[in-house]
Amino acid sequence: MTDYQLSINTTVAISKPELNKLLDVLSGAGYKTIGPVAKNNSLVYEQIEDISDLPYGYETDQKAGRYRLYQNGGSEYFQATPGASTWKKYLTPPRTKLFGLVNVDNKWKEVPVSEIHPKYAFIGVRPCEIAAIKIQDTVLIREDYVDTLYKKIRDELIIIAVNCLHPADTCFCTSVGGSPEAEDGYDLRLTELDDLFLVNIGSQKGIDMVAQLEYAAANSHSLQIENEMMSEAKEKIKDVLKDYKQLPELLMNNLTHSAWEDVAAKCLSCGSCTSVCPTCFCWDVQDVTNLHGTETQRDKVWDSCFNPTFTAHAGGGCSRPTTTSRLRQRITHKFASWVEQHGGEGCVGCGRCIVWCPAKIDIREELNILQEAFK
Amino acid sequence: MTMSAVEDKMHVEENAMNPNWAVIKKIETETVDTSTLWLEFEDEEVRKDYKYSAGQFNMLYLPIYGESAISISSDPDQEGLIGHTIRFVGNVTRAVSRLNVGDRISVRGPFGTNWPVEESKGKDVIIFAGGIGLAPLRPAIYQIINNRKDYGKVTIVYGARCPSDLLYTGEYEEWRSHDIELMVTVDHADDTWDGLVGVVPMYFYRLRPNPENTVLWSCGPEIMMHFVLYEGLARKIPDNQIYLSYERNMKCGVGVCGHCQHGAYYICKDGPIFTYEQLEPYFNVEDL
Amino acid sequence: MDIDRKLIDRLRAVPWFQEISLEHFEAIAQFTRMLDLAKDEILFREGDSEDYIYVVLKGRVAIEVNSPDRGKLRIFTAEALDVVGWSAVTPVVRQRTATTRAVVDSTLLSIDAAKLQQLCDDNCDLGYLIMSRVSSVIAGRLMGARMQLLDFYGKQDCEE
Ligand code: SF4
Ligand code: SF4
């Protein structure tokens, strides 16, 4: 171990196999390590125990309605752009039990929630994904409301970020104030060069982790390469939403414009976009009861504003019966009302909704059409 | 991966959604499909600490069946039982209709905004209610009566589909005795009915409000409130003195499940009671 | 004439007649009478000819239509200062399309519709005033009818 003063914002270099050591350090400290795994022709976030679990040598080809993962014989662990999987499945699991009740002598008694949630360490979190987690923080940890499960998981979460050197065609983080380079919100941030990882330290936890690794000071040459590659990556991302700061006003002032019909014409109201979205937070409550009606529980489950039941009224009917109204809800929520509700946009430009839309609807194009129509 | 990681468990509780038990102390049948349930919290601490304002609602939960937003219909100034006037139209409320005195039900709340009972002192108050919409207004009516001299002219126009659908008929005389002008109208009159016929907004023409000094509160079917609003605006009542109570599908009550969004508002926490000034940007946007 | 004065005062108290000049009130008073109805007394019946337009001064008057299969259906209850029988002053004079009955002891002003129309014809300013008042009564009733058609309470309130 090098004798070197580690502090926040120090960048060190580690060999690629040393990442295994980091995984060991994390699991030794009781963390469940989660990272991208090539599976079922996509990239999913799952438990990883060894760097050989990572999508080594994979890259992706993605555009509206298309995601292809293939081996390119390369030597990068983090080249492939994430798939439909998001970290939110760990932070706000798709189904959690709120509470359970058993009927004892005609009286409902609470049974303690026995769900267990480990401490997580996320490996390979993209800058846009950090932005998404920060957005979820503002929604779920507020002055007037705290999602206690989320907060617990979040408080213990370790984030090992990875800078994006190969942004996909569907990436548009720079259009919504982001960058392929993670600036904060991580414990460690990796930049994957040919033969090493540059590791930037973002927190005290990060310092403690690095201290247990075999590392060297980052030399100026590799820092320069990092710099160049980051600039290249930024270049590559098309800046598509020039006036996104104007969107709240523009969208909200034109809620009844006929252009909404046009952009919704292809939409199937399937809800795929909201379920892959890393910031969507809506949830439903479902009652699950045994056959005898002696045990029941309430589950919190992911919901989508595209679901017909989302706005259903008890006596029949619903507030948003049309696909247009639902797509308008999603778009206005992401780019307009979110700002008013939570102090910033609800979009980080990860492009998942574009890639995973069966109707190949590209939110960037949609917004441009709307902007043009509303001018 | 070592096992120790998995064993490092967290016990998770989500108190905001947890049940809060109350006992049904009294049931008053109001109409064929509507009753008022009078509840008392089991927990003494909760009972003591529970405060609510006129127009707020609770989430009533019945195990197996689910949860439903029900406005509070009792007097906030009065300690004791908490009244909920419930129309039995959905799965949950139909199950609630089968409950008896002594049964338990969970109550989360209170949630949402209230009628500006305090802020409206010194003003004339016009209330337009339709159907079950009188329930969330009753607490405000009680509070006005509690401090009747603090208010100017008070007028209530209440309508229902037919005479047998009218709520709280036993209280009208009492209300009137406190210098409240109460007009009651039904859409469909039968032979026994010698009162007004027609929908409530239609009777706006009989009021001659002094717009600057009038607050207009309305609760009922959304379409009814809209016509009340049009009448109010036509008489130059200012946007920020018109209050409407909205309803939407709600799950959490604290603005986090996303269901009740209406433009940038969460009806459950920014509403259910809004001024027209607040609603204006979204007004008449279909299917918002 | 004493009685005229009283009548004119009554007329002038009707908001509906506001802005009408004294001279015209005197003219209208010539063919206006006060009318007392006892509870349940019929003012006019469906099928009667339309001779008068009424203004309720006191009491309550029900306007009802008879439906063969559903019996008497009340469509409106006129109270003090409400106008009843407005169709009598429209150009097409039909038979009465509804029956009007006093729900409680009531007092009304009855105005001879033909004479009122004649007065309006002879005097365009007054005619315009009266007709615009009649049209706002009609608009109000139409709005009411429309809202009734919407059947506000038919759809269940939201819940769950
Ligand atoms: S309303 Fe729709 S777009 Fe907004 S967070 Fe919920 S699911 Fe996502
Ligand atoms: S935009 Fe695409 S993914 Fe989203 S609901 Fe419509 S069809 Fe489905």
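Quick caveat: nothing in here was measured; it's all calculated off a predicted structure. (Residues numbered from 1 in each chain as written. Chains lettered and ligands numbered in written order. Predicted model: local features only at pLDDT ≥ 70, side-chain atom pairs only at ≥ 80, totals over all residues. Heavy atoms only, no water.)

## A word on the overall build of chain A
Next up, step 1: In terms of regular secondary structure, chain A is built from twelve helices and 14 strands.
Next up, step 2: On the principal axes, the C-alpha backbone points of chain A span a range of 70 × 65 × 40 Å.
Next up, step 3: Looking at chain A alone, contacts between residues at least 24 apart form 71% of all its contacts between residues at least 6 apart.
Next up, step 4: Element-wise, carbon and sulfur atoms account for 48% of the exposed surface of chain A, whose accessible area totals about 15400 Å².
Next up, step 5: Side chains of chain A give 39 positive and 50 negative charges; the mean places of these two sets differ by 6 Å. (Helix = DSSP H or I, 4+ residues; strand = E, 2+ residues; numbered from the N terminus. Contact = heavy atoms within 4.5 Å. Areas by Shrake-Rupley, 256 points an atom, 1.4 Å probe, with all protein chains shown as cover. Lys, Arg positive; Asp, Glu negative; His and termini not counted. Charge placed at Lys NZ, Arg CZ, Asp CG, Glu CD.)

## Looking at the overall build of chain B
Next up, step 1: Of regular secondary structure, chain B possesses eight helices and 15 strands.
Next up, step 2: The C-alpha radius of gyration computed for chain B amounts to 20 Å, which stays within 12% of the reference 19 Å derived for 288 residues, consistent with globular compactness.
Next up, step 3: Its C-alpha atoms give chain B principal-axis dimensions of roughly 80 × 45 × 35 Å.
Next up, step 4: Here chain B holds 288 residues, and 64% of them are scored as buried.
Next up, step 5: The contacts in chain B between residues at least 6 apart in sequence include a share of 68% that link residues at least 24 apart.
Next up, step 6: Here chain B holds 26 positive side-chain charges and 42 negative ones, and the gap between their average locations is 1 Å. (Rg over C-alpha atoms; globule rule 2.2 N^0.38 Å. Buried < 20%, exposed > 50% of the residue type's maximum accessible area, 1.4 Å probe, protein only.)

## A short note on the pattern of salt bridges
Next up, step 1: On inspection of all chains with the given rule, the structure shows 41 salt bridges over all chains.
Next up, step 2: Among the ionic pairs, A:Asp147 bridges to A:Lys300, the shortest N-O distance being 2.7 Å. Placement of the pair is A:Asp147 in the loop between helix 3 (127-140) and helix 4 (148-156) and A:Lys300 in strand 14 (residues 295-302), with a sequence separation of 153 residues.
Next up, step 3: Relative accessible area serves as the criterion here: at 7%, A:Lys300 is assigned to the buried category.
Next up, step 4: B:Glu67 is the salt-bridge partner of A:Arg298, the closest N and O atoms lying 3.2 Å from each other. Taken together, the residues A:Arg298 in strand 14 and B:Glu67 in strand 4 (residues 66-71) connect one chain to another. We note that A:Arg298, like B:Glu67, is buried. (Salt bridge = Lys/Arg side-chain N within 4 Å of Asp/Glu carboxyl O.)

## A closer look at the environment of B:Ser245
Next up, step 1: For B:Ser245, the position within the fold is in strand 12 (residues 242-245).
Next up, step 2: Through-space distance from the C-alpha of B:Ser245 to that of B:Ile267 is 9.3 Å; in sequence the pair is 22 residues apart.

## Side note on the nonpolar core
Next up, step 1: In terms of nonpolar packing, the biggest core is built from 129 residues, with A:Phe122, A:Leu251, A:Ile331, A:Phe335 and B:Phe128 touching the most fellow members.
Next up, step 2: Per-element accounting of this core gives the leading share, seven residues, to helix 3 of chain A.
Next up, step 3: Sequence-distant contacts of A:Ile331, that is, excluding residues within four places in its chain, are made with A:Leu251, A:Trp260, A:Ala336, A:Ile363, A:Leu367 and A:Leu370.
Next up, step 4: Core analysis: the second largest hydrophobic core is formed by 37 residues, B:Tyr158, B:Tyr172, B:Ile180 and B:Ile273 among them. (Core = buried A, V, L, I, M, F, W, Y, C linked by side-chain atoms within 4.5 Å.)

## Quick notes on the domain arrangement of chain A
Residue and element names in this part refer to chain A.
Next up, step 1: When the domains of chain A are assigned, the result is domain 1 (11-236) and domain 2 (244-374).
Next up, step 2: Of note, the centres of domain 1 and domain 2, computed from C-alpha atoms alone, are 25 Å apart.
Next up, step 3: Across the contact, 47 residues belong to domain 1 and 41 residues belong to domain 2.
Next up, step 4: Interface of domain 1 and domain 2: buried area, both sides summed, is about 3600 Å²; carbon and sulfur atoms make up 61% of it.
Next up, step 5: Where domain 1 meets domain 2, there are three salt bridges.
Next up, step 6: At the surface where domain 1 touches domain 2, the tally comes to 25 residue pairs in polar contact (both at pLDDT 80 or more). (Domains from an automatic or database assignment. Buried area = accessible area lost by both parts, 1.4 Å probe. Polar contact = N/O pair within 3.5 Å; in protein donor to acceptor, adjacent residues only side chain to side chain.)

## Let's talk about the sheet that holds strand 12 of chain B
Residue and element names in this part refer to chain B.
Next up, step 1: Spatial strand order, 10-9-8-7-11-12-15: seven strands in an open sheet with mixed pairing. Of all the strands in the sheet, the pair left with one neighbour each is strand 10 (196-197) and strand 15 (273-275).
Next up, step 2: Pairing geometry for strand 7 (residues 124-130) and strand 11 (residues 214-219), over six bridges, is parallel. Directly across from phenylalanine 128, in strand 11, lies its bridge partner serine 218. (Pairing = 2+ DSSP bridges.)

## Quick word on the confidence of the model for chain B
Residues and elements named next belong to chain B.
Next up, step 1: Looking at chain B as a whole, its pLDDT mean stands at 90, while 95% of the residues score no less than 70.
Next up, step 2: Of the regions scoring below 50 in pLDDT, residues 1-14 engages in 39 contacts with residues more than four places distant in sequence or in other chains.
Next up, step 3: The complex prediction reports pTM at 0.87, with the ipTM value standing at 0.87. (pLDDT = per-residue confidence, 0-100.)

## Some thoughts on the pairing of strand 3 (residues 57-62) of chain B
Residues and elements named next belong to chain B.
Next up, step 1: The element strand 3 is largely enclosed, with a buried count of six among its six residues.
Next up, step 2: Going residue by residue along strand 3, you find Phe57, Met59 and Tyr61 tucked away on one face and Asn58, Leu60 and Leu62 tucked away on the opposite face as well.
Next up, step 3: Adjacent in sequence and paired antiparallel, strand 3 and strand 4 are bridged by three residues, among which isoleucine 64 carries a positive phi angle near 80°.
Next up, step 4: In this structure, strand 3 lies alongside strand 6 (residues 104-111), joined through four bridges in antiparallel fashion.

## Some words on the site of ligand 2
Residue and element names in this part refer to chain A.
Next up, step 1: Surrounding ligand 2, one finds 14 residues, the nearest of these being Cys267, Cys270, Gly271, Cys273 and Cys357.
Next up, step 2: Of all elements in the fold, only helix 9 (272-276) and helix 10 (323-342) reach the threshold of two or more residues within the shell around ligand 2.
Next up, step 3: Taken together, the residues that form the shell around ligand 2 break down as ten nonpolar, three polar and one charged. (Near = heavy atom within 4 Å. Nonpolar A, V, L, I, M, F, W, Y, C, P; charged D, E, K, R; others polar.)

## Focus on unusual backbone geometry
Generally, phi is negative for residues other than glycine and the peptide bonds are trans, each holding for most cases.
Next up, step 1: In the segment running from B:Gly109 into B:Pro110, the intervening peptide bond is cis, with an omega of 0°.
Next up, step 2: By the secondary structure assignment, B:Pro110 is in strand 6.
Next up, step 3: Residues B:Gly271 and B:Pro272 are joined by a peptide bond in cis, for which omega reads 10°.
Next up, step 4: A positive phi angle is found at A:Asn9, which is not glycine, with a value near 80°.

## Describing the interface of chain A and chain B
Next up, step 1: Contact residues are listed per partner, giving 64 residues for chain A and 51 residues for chain B.
Next up, step 2: Scanning the region where chain A abuts chain B turns up two salt bridges.
Next up, step 3: Between B:Lys251 and A:Asp284 there is a salt bridge, with the nearest N and O atoms lying 3.3 Å from each other.
Next up, step 4: The interface formed by chain A and chain B contains 22 residue pairs in polar contact (both at pLDDT 80 or more).
Next up, step 5: Looking at the side of chain A that touches chain B element by element, the count peaks at eight residues for helix 10 of chain A.
Next up, step 6: Counted by class, the side of chain A that touches chain B contains 24 nonpolar, 21 polar and 19 charged residues.

## Looking at the site of ligand 1
Next up, step 1: Taken together, the residues surrounding ligand 1 are A:Thr274, A:Cys280, A:Phe281, A:Cys282, A:Ser304, A:Cys305, A:Gln329, A:Arg330, A:His333, A:Lys334, A:Trp338 and B:Gln261.
Next up, step 2: The environment around ligand 1 is built from residues contributed by chains A and B.
Next up, step 3: Considering every element that reaches the shell around ligand 1, the biggest residue donor is helix 10 of chain A, with five residues.
Next up, step 4: Classifying every residue of the shell around ligand 1 by side-chain character gives five nonpolar, five polar and two charged.

## Digging into the pairing of strand 7 (residues 99-102) of chain C
Residues and elements named next belong to chain C.
Next up, step 1: Burial along strand 7 is two-sided: Thr99 and Arg101 facing one way and Thr100 and Ala102 facing the other are all buried.
Next up, step 2: Where strand 2 (residues 42-44) meets strand 7, two bridges bridge the pair, whose relative direction is antiparallel. Residue pairing across strands places phenylalanine 44 opposite threonine 100, the latter belonging to strand 7.
Next up, step 3: Where strand 4 (residues 60-67) and strand 7 come together, four bridges link them in antiparallel fashion. Bridge pairing in strand 7 links alanine 62 to arginine 101.

## Notes on the domain arrangement of chain B
All names here are of chain B.
Next up, step 1: Along its sequence, chain B is organised into domain 1 (3-111) and domain 2 (124-287).
Next up, step 2: For domain 1 and domain 2, the distance between their C-alpha centres works out to 24 Å.
Next up, step 3: Residue-level contacts link 24 residues of domain 1 with 22 residues of domain 2.
Next up, step 4: Taken together, both faces of the contact between domain 1 and domain 2 bury some 1800 Å²; the carbon and sulfur share is 59%.
Next up, step 5: Remark: the boundary between domain 1 and domain 2 carries zero salt bridges.
Next up, step 6: The set of elements that each furnish at least two residues to the side of domain 1 that touches domain 2 consists of strand 1 (21-31), strand 2 (34-41), strand 3, strand 4, strand 5 (82-87) and strand 6.
Next up, step 7: Among the residues making up the side of domain 1 that touches domain 2, the classes are represented as ten nonpolar, eight polar and six charged.

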